[in-house]
Amino acid sequence: MAQKADSLKKATAADSLFNSMNSDNKKEPVTIFESSRLILSQSTETVKKNNFNVLILHRFGDISGNMGGGQYFFGLDNVADVFIGFEYGITNNLNIDIGRSSIPEFGGLVDLELKYAVLHQTNDDSSPLAITVIGEPGIRLYNTYPDFSDRVSYFGQVIFARKFSHSFSLQVAPSIVQDNSPVPALPGNEETFFSLSASTQLKVTKLMSIVVDYAHPFSSFRNGTNGFSDPLGFGIQMVTGGHVFTINITNARAVEEINYLSDTRSDFSRGQYRLGFTISRTFDFNHKENYNVKK
């Protein structure tokens, strides 16, 4: 019996080592960001199959400057934009999203989006990058336009991301915006332009990160001479159970990419920056519970 027990111990130890080695060698996708949304940008992360994600993004008014300060309770008395969005996982890699931005100067944009994860970074580094593509039309419900087509804008983006360590993640995202009517409607403004975004996340604890988000439109019209600024945001992201909560400071008034890339004219140097937050809550419809009813 003693020999039998001893052999079982040896077998168990060997099996444990073998299983551990197999586990280490198993190729798994890496989670680069905790949420599908950062401050300004979307991330490479997608909502998994049969999961439903609710997004609420809010921008307050200017903290400082002519439209800020104590008279407006440092922007909390005003609302720049509110975005409510819904993301559903058709597959683990393909999402369909719909969202509504309420910012009045942009006509209340409604967007419908497809988001597809082309490639995942893997833990064995056989795939060193994650690549996700986004395609989105947006329709402005309000304001007056000559034709319906003038209400429509389009947004396309490719996101490249990598988790360099447990604490540090980085992504860059070239994109194109097509506004059928120039936004803003000013002489000389282009209807189509390219932009490049960069976002980074630095973990300070297991559940808390610092996030920085920046975008630069490549446009001869959208420059400092004409009063435009590059969108920039800083924030703290916290993971709390099923929620991901981000509180941030940004000069962008608009939440939706089409809007803030087309028209950001707020500047940090003039006190035109604002408090904002993002709430992400995911519901998983994959698990079905069986209830045994006693008679």
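Located above this text is the structure these notes cover.
Keep in mind the model is a prediction, meaning the values are calculated, not measured.

1. What to know about the side chain of serine 181
If you trace the backbone, serine 181 turns up in the loop between strand E7 (168-179) and strand E8 (192-205). For serine 181, a relative accessible area of 16% translates into the label buried. Only 3.0 Å separates the side chain of serine 181 from the backbone oxygen of aspartate 150, close enough to count as a polar contact. The residues touching serine 181, leaving out its near neighbours within four places in the chain, are Tyr145 and Asp150.

2. With respect to a nonpolar patch on the surface
Among the surface-exposed residues, Ile56, Ile84, Phe86, Tyr88, Ile90, Ile96, Ile98, Leu112, Leu114, Phe283 and Phe285 lie close enough to one another that they form a single nonpolar patch of about 930 Å² accessible area. Contributions of two or more residues to the nonpolar patch are made by strand E2 (79-89), strand E3 (94-101) and strand E4 (109-119). When residues of the nonpolar patch are assigned to their parent elements, the largest contribution, 3 residues, is made by E2. Its location among the elements puts isoleucine 56 in strand E1 (residues 51-62). Relative accessible area serves as the criterion here: at 34%, isoleucine 56 is assigned to the partly exposed category.

3. With respect to the packing of aromatic side chains
The tally for this structure, following the rule as stated, stands at 7 aromatic pairs. With a centroid separation of 6.3 Å and an interplanar angle of 55°, the aromatic rings of phenylalanine 60 and phenylalanine 277 are classed as tilted. With phenylalanine 60 in strand E1 and phenylalanine 277 in strand E12 (residues 274-284), the pair connects residues that are 217 residues apart, well separated along the chain. For the ring pair phenylalanine 164 and phenylalanine 168, a centre distance of 5.7 Å and an interplane angle of 35° mean the geometry is tilted. A relative accessible area of 46% places phenylalanine 164 in the partly exposed class. Connected via pairs of aromatic rings, a cluster forms that spans Phe60, Phe245 and Phe277. Here the guanidinium or amino end of arginine 222 rests over the ring plane of phenylalanine 193, the centre of that ring lying 4.0 Å away. Sitting over the ring of phenylalanine 283, arginine 281 keeps its end group 4.8 Å from the ring centre.

About the thresholds
- Residues numbered from 1 in each chain as written.
- Predicted model: local features only at pLDDT ≥ 70, side-chain atom pairs only at ≥ 80, totals over all residues.
- Heavy atoms only, no water.
- Helix = DSSP H or I, 4+ residues; strand = E, 2+ residues; numbered from the N terminus.
- Buried < 20%, exposed > 50% of the residue type's maximum accessible area, 1.4 Å probe, protein only.
- Polar contact = N/O pair within 3.5 Å; in protein donor to acceptor, adjacent residues only side chain to side chain.
- Contact = heavy atoms within 4.5 Å.
- Patch = residues over 30% accessible without salt bridge, like charges linked within 9 Å, V, L, I, M, F, W, Y side chains within 5 Å.
- Areas by Shrake-Rupley, 256 points an atom, 1.4 Å probe, with all protein chains shown as cover.
- Salt bridge = Lys/Arg side-chain N within 4 Å of Asp/Glu carboxyl O.
- Phe/Tyr/Trp six-rings, centres within 6.5 Å; stacked < 30°, edge-to-face > 60°.
- Lys NZ or Arg CZ within 6 Å of the ring centre and 35° of its normal.

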